Amino acid sequence: MKRFCLLFLLLSLTLGGCRKEVYNPYPPQQMEEKVYADPDMTQQTKNLLDNMDKLSKEGKTMFGHQCSTLYGIGWTSEEGRSDVKSICGDYPAVVGWDLAEIELGKDANIDGDSFAAIRELIKQSYKRGGITTLSWHATNPVTDGTAWDNTEAVYRIIPGGDLHEKFCGYLDKVAEFIGNLKVGEEMVPVLFRPWHEHSGGGFWWGNGNCTAEQFVSLWKFTVEYLRDTKGLHNILYVFSTDIVSSQSAYLNFWPGSQWVDVLGIDAYERPGWTLPENGIRLMRLLNHVSGIKNKPFAFTETGLECNTSQPQWWTRNLAASFTGLSPAYVLVWRNKDMSHFYGPYPGCVSEDDFKAFVASDNILLESETGNIYE
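Note that residues are indexed from 1 along each chain, following the sequence as it is written. Predicted model: local features are reported for residues with pLDDT of at least 70 only, side-chain atom pairs are reported and counted for 80 or more only, and whole-chain, interface and lining totals are derived from all residues. Where side-chain values are given, they derive from all heavy atoms of the structure, hydrogens and water being excluded.

(A) Structural view of the overall build of the protein chain. Numbering of helices and strands runs from the N terminus; a helix is a DSSP stretch of H or I covering at least four residues, while a strand is a stretch of E covering at least two. Scanning the protein chain from terminus to terminus reveals 11 helices and 15 strands. In this treatment the radius of gyration is a C-alpha quantity, and the globule benchmark scales as 2.2 Å times the residue count to the 0.38 power. For a compact globule of 374 residues, the expected C-alpha radius of gyration is about 21 Å, and the protein chain comes in at 22 Å, within 12% of that figure. Its C-alpha atoms give the protein chain principal-axis dimensions of about 85 × 50 × 45 Å. Looking at the protein chain alone, contacts between residues at least 24 apart form 75% of all its contacts between residues at least 6 apart. Only the protein chains shown count as cover for residues, and the accessible areas themselves come from Shrake-Rupley with a 1.4 Å probe. Accessible surface for the protein chain amounts to roughly 15,900 Å². Of this, 50% is attributable to carbon and sulfur atoms. When charges are tallied, Lys and Arg are placed among the positive residues and Asp and Glu among the negative ones, while His and the ends of the chain are skipped. Charged side chains are reduced to one point each, which is NZ for Lys, CZ for Arg, CG for Asp and CD for Glu. Positive and negative charge centroids in the protein chain, built from 33 and 47 side chains respectively, lie 7 Å apart. Contact definition: two residues touch when any of their heavy atoms are within 4.5 Å.

(B) Region of the structure containing the pattern of salt bridges. Any carboxyl oxygen of Asp or Glu that lies within 4 Å of a side-chain nitrogen of Lys or Arg is treated as forming a salt bridge with it. Applying the stated criterion to the full structure yields 15 salt bridges. Between glutamate 366 and arginine 128 there is a salt bridge whose closest N-O contact spans 2.7 Å. Here glutamate 366, found in the segment after β15 (363-364), pairs with arginine 128, found in helix α4 (residues 115-128); they are 238 residues apart in sequence, far enough to count as distant. Burial classes: relative accessible area under 20% of the type maximum marks a residue as buried, over 50% as exposed, and values in between as partly exposed (1.4 Å probe, protein chains only). Residue arginine 128 is classed as partly exposed on the basis of its relative accessible area, which comes to 33%. The closest approach of N and O atoms between lysine 166 and aspartate 144, which form a salt bridge, is 3.0 Å. Placement of the pair is lysine 166 in helix α6 (residues 164-179) and aspartate 144 in the loop between β5 (131-135) and α5 (154-157), with a sequence separation of 22 residues. One salt-bridge network, in which partners are shared between bridges, spans Lys34, Asp53 and Lys57.

(C) Focus on helix α11 (residues 351-359). Every buried residue of α11 is listed here: Glu351, Asp353, Phe354, Phe357 and Val358. Buried positions in α11, seen along its axis, are confined to an arc of 155 degrees and lie on one side of it. When the buried face of α11 is taken as reference, the exposed residues oriented beyond 90 degrees from it are Asp352 and Ala359. Looking at the packing, one finds that the buried side of α11 touches β1 (61-66), α3 (83-88), α10 (313-318) and β15. As used here, the arc is the angular range of directions from the helix axis to the C-beta atoms.

(D) Quick peek at the nonpolar core. Each nonpolar core is a collection of buried residues, namely Ala, Val, Leu, Ile, Met, Phe, Trp, Tyr and Cys, held together in the definition by side-chain atoms within 4.5 Å. Core analysis: the biggest nonpolar cluster contains 110 residues, and Met62, Trp136, Phe177, Trp195 and Trp205 have the highest contact counts within it. It is α6 that provides the largest number of residues to this core, a total of eight residues. Discounting residues that sit within four places of it in the chain, tryptophan 205 has contacts with Trp136, His137, Ala138, Ala147, Val154, Trp195, His196, His198, Cys210, Phe215 and Leu218.

(E) Structural context of the packing of α6 against helix α7 (residues 212-229). Inter-axis angles, ranging from 0 to 180 degrees, are taken between N-to-C directions of lines fitted to C-alpha atoms, where helices are fitted over the stretch in contact. It is at 10 Å that the axes of α6 and α7 come closest, and there the two elements cross at 50 degrees. As judged from the angle between their axes, α6 and α7 are oblique. In the crossing of α6 with α7, the sense of the turn from one axis to the other is right-handed. Within the contact between the two elements, α6 uses His164, Phe167, Cys168, Leu171, Asp172 and Ala175 and α7 uses Leu218, Phe221, Thr222, Tyr225 and Leu226. Under this scheme an angle from 65 to 115 degrees is roughly perpendicular, one under 35 degrees roughly parallel, and one over 145 degrees roughly antiparallel; angles in between are oblique. The sense of a crossing depends on the near helix, which, turned anticlockwise from the far helix by less than a right angle, makes the crossing left-handed and, turned clockwise, makes it right-handed.

(F) Quick look at the environment of leucine 99. Inspection of the secondary structure puts leucine 99 in the loop between β4 (94-98) and α4. Between the C-alpha atom of leucine 99 and that of lysine 173, which follows or precedes it by 74 residues, the distance is 9.7 Å. In this view, leucine 99 contacts Phe115, Leu134, Ser135, Trp136, Val174, Phe177 and Phe192; residues no more than four positions away in its chain are not counted.

See the structure below:
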């Protein structure tokens, strides 16, 4: 028996000595010192950021849904309603809204969503402990066309540009909206995600429509204007790219760690690009970069439009896109109608699978995030 044990030990040591290390495409790099885009942010805002980071490191991911409390499939503007809540009895932990055309002084955004209604729903969410993220499909300041009008504009609106004052007017409208998000004496913290998907060429601020240097100037001025000129300290700044292939591509338009609070990626499932295979690659990349930058990361936009043919999409596709990883939150786009929806709704083919998805210990809805502002 002793001879057998000795032989087994020698064999184990020999095999162990010959074992090859598993290839890691993202080798560890030195973590940067932690910095904030606004060192003077309100205590609730800092608590939100720190608790998001803490939950992520504990293996928790908050579920988010765009416009979730304003409308859904077959209803609009019904108090206390959400398609998500109708299925599982709780609101999404994160609700997203868009500010497109607020810069024009309009009462509703490009989708017809009332800014007054959005403001009230954000306040209600904050009172319950929910989290708000804001995107901004800003009007092209050169042509007054939509965000998808790719006429070059960035060089004309950054400091020194001939349309700089016009752009300041745009930011004034954004600041007015965010500055009026108050509950009592408390400013409601928001995750602001301007100039998103900039690694692609879909928007006038995107790659190919401006240089990296011009984009960085735009980003820094946006932060400085809202933070310093307008005195808003309830904003966390989210840097989110489109689909990228590498760390260098992700950081191509990087403004510097002192200008960003949260890292994100927007990536939608479509024919030929599925989340289980491709989403996990992006989340591994983002997890790696966030480790270097010492900041939480999120899957800031995703989903499969009209996913009626995927009864197990939530557990087999979405959950698989961050298996073993913990983005702070994952947000799917809105439920407009039966021709344009991304979230679940009562009676949908994936209703039971969504219940299983959010029942997982690592997926959090609004009531499960704890005192995230404390």
